[in-house]
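Chain by chain, the residues:
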Amino acid sequence: MATPLPRRAAVAVLLAGPLLVVGLVAAAGGRQGEARAAAPPLLVSAAASLSGPLQDLAVPFTRGQGTAPPQFNFGASGLLQQQIQQGAPADVFLSAGARPMDTLERAGLLLAGSRRDLLGNRLVLVVPARAPRRPLDVTGLAGPGVRRIAIGDGTVPAGDYARQVLAHKGLTAAVAPKLVPLGSVRAVARAVADGNVDAGFVYRSDAVQLGGLRVVATAPLTSHAPIRYSGAVLRSSRQPQLALAYLRSLGSPAARALFRREGFEILPGRAP
């Protein structure tokens, strides 16, 4: 027969039991946190016009998930799409236009059901902030006072929207010799701000976030396809659940407020 424990010893064991359980749970939680922190960072390929807000939002996402900060690859959406098709690693793709995302979806490279619309934007015509103030709208681009117009090249959705606007206004042929195609919407913005061109087409968010630009006209919504930023997880992602959590985080109230302040539009009735 087992010898009963003295009363004080029995009480000590009973008291130590919960502490032991708590210690084990805390240790397990610590190991899980360490495992999350040790996991490789998410690789996010994103449109250049999203660079400012996404870098700001990386801090709260990292704290909330207990992971390493995401690593960003910013550039023209079409160029990023080509990189992904050629095997560049990425967990999440954020595009400023539908065409690059459609291409990846048709190629079967997106995680099924992960694609979602995120944000909207407006296309604006800008001139250098220090340029003399004079009336200028899209129609005026055909006039002799404008010699060089920066526009996104074929990999840049903002360039697609701008060409649609010029076609809508019947200006395609008239302004063709003046166009200076550049590899990203941020490159267009820099060219205008530096005075290397007379005008350029960028997103309203670029004009809000960057210095050296003055908005002289906003393209009518009927003059181009709707500007929609979309996001999706890549089928090849090594961390699909974390990547999905990242996409959901872009729809948090704090994220939506930041995007709005930075010149983006929150799509009615939708959460990114």
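Residues numbered from 1 in each chain as written. Predicted model: local features only at pLDDT ≥ 70, side-chain atom pairs only at ≥ 80, totals over all residues. Heavy atoms only, no water.

Moving on, we get to the sheet that holds strand 4 (residues 116–120). In space, the five strands of this open sheet follow the order 2-1-3-10-4, with mixed pairing throughout. Since the sheet does not close on itself, it has two edges, and those belong to strand 2 (71–75) and strand 4, each with one partner. Between one strand axis and the next, the sheet turns through 20 degrees on average, direction left out of account. Pairing of strand 1 (residues 43–47) with strand 3 (residues 92–95) involves three bridges; the strand directions are parallel. Considered in strand 3, the bridge of alanine 46 is made with leucine 94. Contacting strand 1, strand 2 and strand 3, helix 2 (residues 51–65) crosses the sheet at an angle of about 175 degrees to strand 2. (Pairing = 2+ DSSP bridges. Helix = DSSP H or I, 4+ residues; strand = E, 2+ residues; numbered from the N terminus. Axes fitted to C-alpha atoms, helices over the stretch in contact; angles between N-to-C directions. Contact = heavy atoms within 4.5 Å.)

Looking now at the packing of aromatic side chains. Enumeration according to the criterion identifies six aromatic pairs in this entry. When the centroid spacing of 5.8 Å and the interplanar angle of 55 degrees are considered together, the rings of tyrosine 203 and tyrosine 229 count as tilted. Here the residue tyrosine 203 occupies a position in strand 8 (residues 199–203), and tyrosine 229 occupies one in strand 10 (residues 228–233), the gap between them amounting to 26 residues. In this structure, tyrosine 203 and tyrosine 229 share a single accessibility class: buried. In this structure an aromatic cluster arises from ring pairing among Tyr161, Tyr203, Tyr229, Phe259 and Phe264. (Phe/Tyr/Trp six-rings, centres within 6.5 Å; stacked < 30°, edge-to-face > 60°. Buried < 20%, exposed > 50% of the residue type's maximum accessible area, 1.4 Å probe, protein only.)

Another aspect to go through is the pairing of strand 6 (residues 149–152). The alternating pattern of strand 6 places Ile149 and Ile151 on one face and Ala150 and Gly152 on the opposite face, and all of these are buried. As judged from the four bridges shared by strand 6 and strand 7 (residues 179–182), these two strands associate in the parallel manner. Of the residues in strand 7, the one forming a bridge with glycine 152 is leucine 182. Direction of pairing for strand 6 relative to strand 8: parallel, over a ladder of two bridges. Counted as the bridge partner of alanine 150 is glycine 200 from strand 8.

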